[in-house]
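A closer look at the structure
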Amino acid sequence: MNVDLVMTLIGDDRPGLVESISQAVAAHGGNWQESRMARLGGKFAGILRAEVPEEQRDSLETQLRRLADEG
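Residues numbered from 1 in each chain as written. Predicted model: local features only at pLDDT ≥ 70, side-chain atom pairs only at ≥ 80, totals over all residues. Heavy atoms only, no water.

Some details on the environment of His 28
- Note that His 28 resides in the loop between helix H1 (17-27) and strand S2 (31-40).
- Note on His 28: relative accessible area 10%, which makes it buried.
- Distance in space between the C-alpha atoms of His 28 and Gly 41 is 32 Å, their sequence separation being 13 residues.
- In contact with His 28, not counting residues within four places along its chain, are Pro 53, Gln 56, Ser 59, Leu 60 and Gln 63. (Helix = DSSP H or I, 4+ residues; strand = E, 2+ residues; numbered from the N terminus. Buried < 20%, exposed > 50% of the residue type's maximum accessible area, 1.4 Å probe, protein only. Contact = heavy atoms within 4.5 Å.)

Structure (structure tokens):
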């Protein structure tokens, strides 16, 4: 069974930021469903909805936390 995850993203606007998030979602068997992204005050800000297999949810969340720790 798949679950929906809704994520908010805020970080320094830099090349490859969205790519690293999308790769993490794809690596966990997920699908990027929809998103809204913007550059606000020199920062990248976004919200996205991804669908992932329930058994991959915790692993994806761990990977996204690692990305957050990297900036």
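Next comes the rest of the account.
Points about the sheet that holds strand S3 (residues 43-53)
- Pairing within the open sheet is antiparallel, and its three strands lie in the order S1-S3-S2. Sheet topology places strand S1 (2-12) and S2 at the edges, where each strand pairs with a single neighbour. Strand-to-strand, the axes of this sheet are offset by a mean angle of 10°, without reference to chain direction.
- In this structure, S2 lies alongside S3, joined through nine bridges in antiparallel fashion. Bridge pairing in S3 links Ala 38 to Ala 45.
- Here H1 sits on the sheet and contacts S1, S2 and S3; the angle it forms with S2, its principal contact strand, is near 160°.
- Where helix H2 (residues 57-69) meets the sheet, its contacts fall on S1 and S3, and the angle it forms with S1 comes to roughly 0°. (Pairing = 2+ DSSP bridges. Axes fitted to C-alpha atoms, helices over the stretch in contact; angles between N-to-C directions.)

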